[in-house]
Amino acid sequence: MHPTTVSRDASRRPDRTRLILAAVAALTGLVWVAQGLGVPLGGSFMVGDRFWTYAGLVLIAVAMGFASWPRLRRDR
């Protein structure tokens, strides 16, 4: 048994940490896509390399999935 009372309103609130991490990952993926397409953001080895375009798109998709995944709950 857990001595702390948990209200249902607090459990419906979105997990801000998860959303912030997803946003940072999506923005990183966006930078990778831009560099892979040839946008010179800081002059990197990634500029013009199509691999980074695809890696960025995958990272954006993973971030979106992570942000939309239902919060895991402990029922013990």
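Everything below is about the structure shown above.
The present account deals with the structure reproduced in this document. (Residues numbered from 1 in each chain as written. Predicted model: local features only at pLDDT ≥ 70, side-chain atom pairs only at ≥ 80, totals over all residues. Heavy atoms only, no water.)

1. A short note on the overall build of the protein chain
Next, step 1: Along the backbone of the protein chain there are three helices and zero strands.
Next, step 2: Sequence-ordered secondary structure for the protein chain, helices as α and strands as β, is α-α-α.
Next, step 3: Classification of the 76 residues of the protein chain by burial places 20% in the buried group.
Next, step 4: Considering only contacts within the protein chain whose residues lie at least 6 apart along the sequence, 50% involve residues at least 24 apart. (Helix = DSSP H or I, 4+ residues; strand = E, 2+ residues; numbered from the N terminus. Buried < 20%, exposed > 50% of the residue type's maximum accessible area, 1.4 Å probe, protein only. Contact = heavy atoms within 4.5 Å.)

2. Brief notes about the packing of aromatic side chains
Next, step 1: Inspection of the entire model under this criterion finds three aromatic pairs.
Next, step 2: Their ring planes at 70° and their centres at 5.4 Å tell us that tryptophan 32 and tryptophan 52 sit as a pair that is edge-to-face. With tryptophan 32 in helix α2 (residues 16–36) and tryptophan 52 in helix α3 (residues 50–68), this residue pair connects regions lying 20 residues apart in the sequence.
Next, step 3: The class for tryptophan 32 is partly exposed, based on a relative accessible area of 26%.
Next, step 4: For the pair phenylalanine 51 and tryptophan 52, a centre-to-centre distance of 4.9 Å together with 80° between the ring planes defines the contact as edge-to-face.
Next, step 5: Judged by its relative accessible area of 16%, tryptophan 52 falls in the buried class.
Next, step 6: Ring pairing ties together the aromatic residues Trp32, Phe45, Phe51 and Trp52, which thus form one cluster. (Phe/Tyr/Trp six-rings, centres within 6.5 Å; stacked < 30°, edge-to-face > 60°.)

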